[in-house]
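# Tertiary structure, described
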Amino acid sequence: MSTLPDFAVTVVGSWPRPAWLLEAMKKKRADLARFQDDACLLAIKWQEDAGVDVVTDGEQRRDNFYSFLCDRLDGLSLMTMADLLEHVEDKAGFEKLLGALDVPAYAIRNPTVTGKLKVRRPLAMEDFRFLREHTRRAVKVTLPGPYLLSRSMWVKKLSEGAYPTRESLCTDIVAILREELKALAAAGAEVVQFDEPVLTELVFAGKSATRTFMCAALAASASPEKELELAVDLINRVVDGVTGPVIAMHVCRGNWSRDEGVLLQGAYDPLVPWFARMKVRQFVLEYATPRAGSLSALRGLPPGSMVGLGLVNPRTDEIEPVEGIVRKARELSAFVPPSRIHLNPDCGFGTFAERPMANAETAYRKLRALAEAARALRS
Ligand SMILES: [Zn+2]
């Protein structure tokens, strides 16, 4: 990573899918892989043209950031939230939650455990190889975090035949993610990022139990402290002793709606002590909206930590002024050296295939603003 410039520009992961890819996905075309390849090439091109230093494949082969595991693992069934309503323990609570969110229950698909997990195809290695072959820039590979998977995949009635408890499932989740990480490290991926959006739900939604992330609504959970303890343990078991890539964790407050009012809010302060215990090098965080609170919370990260600083909002059409981006990045550089700061959007531009938060042109212009800010910061 020493070759990366200060304030390296990157993305969180996903890119809006072209209409022809969505069409091909919907029709489950036999030659879907060719459409996905083309869409990845486009996503790479947009990022390179915008001046991104660490590129992803835009997650063009995925329906969303964790549902794609159904294509890669045996033992999972892709179910919509409407399907799951039949099976969850707290039906009334789940129904209330679905009603409160402005997303139709059939629109979000969840990988649900219905059998023993077994790797059918690598989670990301093939995607990484394609990306590596088609860019000369550094690359980032994204994977769903182990805690997120432990919350979303285990639905008692459907999963207990294969895994009597959520804990028993965790062992297999850790083993699968760890194998993938080791393979990516051996192949030379520069950044491997685990997505753990649900961590904010633990501290901001709190004991009121209004679970704001649909994917988190499934597993009955212990106290926030116990859950955070589990999150620390799981990620540390996945990454322990793996060297090579920058191991990153992305934690945001939701990216399913343009209505800021329905997304979680709160500063990262209560999470930082837990972050500090994770053997993770970089924290990829959202700071583009006032909901995120003050940067000073990050003073509590361990020395040597890197920050992926979210400075543009993927859910708005306005392009953030370069001066504002520069100002905020300077504020962080008062206590994190520029070589350890990456500039990125708050979250992906297309987390859910059919509900992108931005179009490609807007996403491109936002990345260009980040790249322009990075140039100003470096000079
Ligand atoms: Zn996010």
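As a convention, each chain's residues are numbered from 1 in the sequence order in which they are written. Restriction of local features to residues with pLDDT of at least 70 applies here, the model being predicted, together with a cutoff of 80 or more for giving and counting side-chain atom pairs; totals for whole chains, interfaces and linings are based on all residues. Derived side-chain values reflect all non-hydrogen atoms in the structure, with water molecules and hydrogen atoms excluded from consideration.

### What to know about the coordination of the zinc ion
Counted only if it meets this: Counted as coordinating are nitrogen, oxygen and sulfur atoms within 2.8 Å of the metal, or 3.2 Å for Na, K and Ca, while water is not included, which may make sites look incomplete. Secondary structure elements follow DSSP: runs of H or I no shorter than four residues count as helices, runs of E no shorter than two count as strands, and numbering proceeds from the N terminus. Burial classes follow relative accessibility: with a 1.4 Å probe on protein chains only, a residue under 20% of its type's maximum area counts as buried, one over 50% as exposed, and anything between as partly exposed.
Those protein atoms acting as donors to the zinc ion are H250 (NE2), C252 (SG) and C347 (SG), and they sit at 2.1 to 2.2 Å. We note that the donor set of the zinc ion lies within a single chain, spaced as H-x1-C-x94-C. Linking H250 in strand β7 (residues 246–251) with C347 in the loop between β10 (341–345) and α14 (360–378), this pair joins segments that are 97 residues apart in sequence. Judged by relative accessible area, H250 falls into the buried class, the value being 2%.

### Topic: the pairing of strand β9 (residues 306–312)
Here is the rule: Here a strand pair is declared whenever DSSP counts at least two bridges between the two strands.
Of all 7 residues in β9, 7 are buried; the element is thus mostly enclosed. Two strands pair when backbone bridges link them, and strand β8 (residues 282–286) and β9 are joined in this way by 5 bridges, in the parallel orientation. In the sheet register, L285 faces β9, and the bridge partner there is L309. Alignment of β9 against β10, held across 5 bridges, turns out to be parallel. For V307, the partnering residue across the bridge sits in β10 and is I341.

### Some details on the nonpolar core
Spelled out, the test is: For the purposes of this section, nonpolar cores are sets of buried Ala, Val, Leu, Ile, Met, Phe, Trp, Tyr and Cys residues that join through side-chain atoms within 4.5 Å. Pairs of residues are marked as contacts when any of their non-hydrogen atoms sit within 4.5 Å.
Ranked by internal contacts, the top residues of the largest apolar core, which has 113 residues, are F194, L199 and F275. Non-local contacts of L199, meaning those with residues more than four positions away in its chain, are made with Y147, L228, A231, M249, V251, L271, F275 and M278. Listed in part, the 10 residues of the second largest apolar core include A8, A138, V246 and A248.

### Considerations on the sheet that holds β8
On the basis of which strands lie adjacent, the open sheet formed by 8 strands has the order β1-β10-β9-β8-β7-β6-β5-β2 and parallel pairing. If you trace the sheet from one side to the other, it starts and ends with β1 (8–9) and β2 (54–55), each paired once. Taken together, the 2 bridges between β2 and strand β5 (residues 138–144) define a ladder with parallel strand orientation. Each bridged residue has a counterpart across the sheet, and for V54 the counterpart in β5 is A138.

### Re the pairing of strand β6 (residues 191–195)
A large share of β6 lies buried, amounting to 5 of its 5 residues. Burial along β6 is two-sided: the residues V191, Q193 and D195 and V192 and F194 are all buried. The sheet contact formed by β5 and β6 spans 5 bridges and is parallel. Among the inter-strand pairings, V141 is bridged to a residue of β6, identified as V192. Here β6 pairs with β7 via 5 bridges, running parallel. Following the sheet pairing, F194 is matched in β7 by M249.

### Remarks on the pattern of salt bridges
Filter applied, for reference: A pair is scored as a salt bridge if a Lys or Arg side-chain nitrogen falls within 4 Å of a carboxyl oxygen belonging to Asp or Glu.
Here the structure, examined in full by the defined rule, presents 22 salt bridges. With a shortest N-O distance of 3.8 Å, D127 and R61 are connected by a salt bridge. Here D127, found in helix α6 (residues 125–133), pairs with R61, found in the loop between β2 and α3 (69–72); they are 66 residues apart in sequence, far enough to count as distant. Here R61 falls in the buried class, since its relative accessible area comes to 10%. The partner of D63 in a salt bridge is R109, with the nearest N and O atoms 2.9 Å apart. Residue D63 is located in the loop between β2 and α3, and its partner R109 is located in strand β4 (residues 109–119); the two are separated by 46 residues in the primary sequence.

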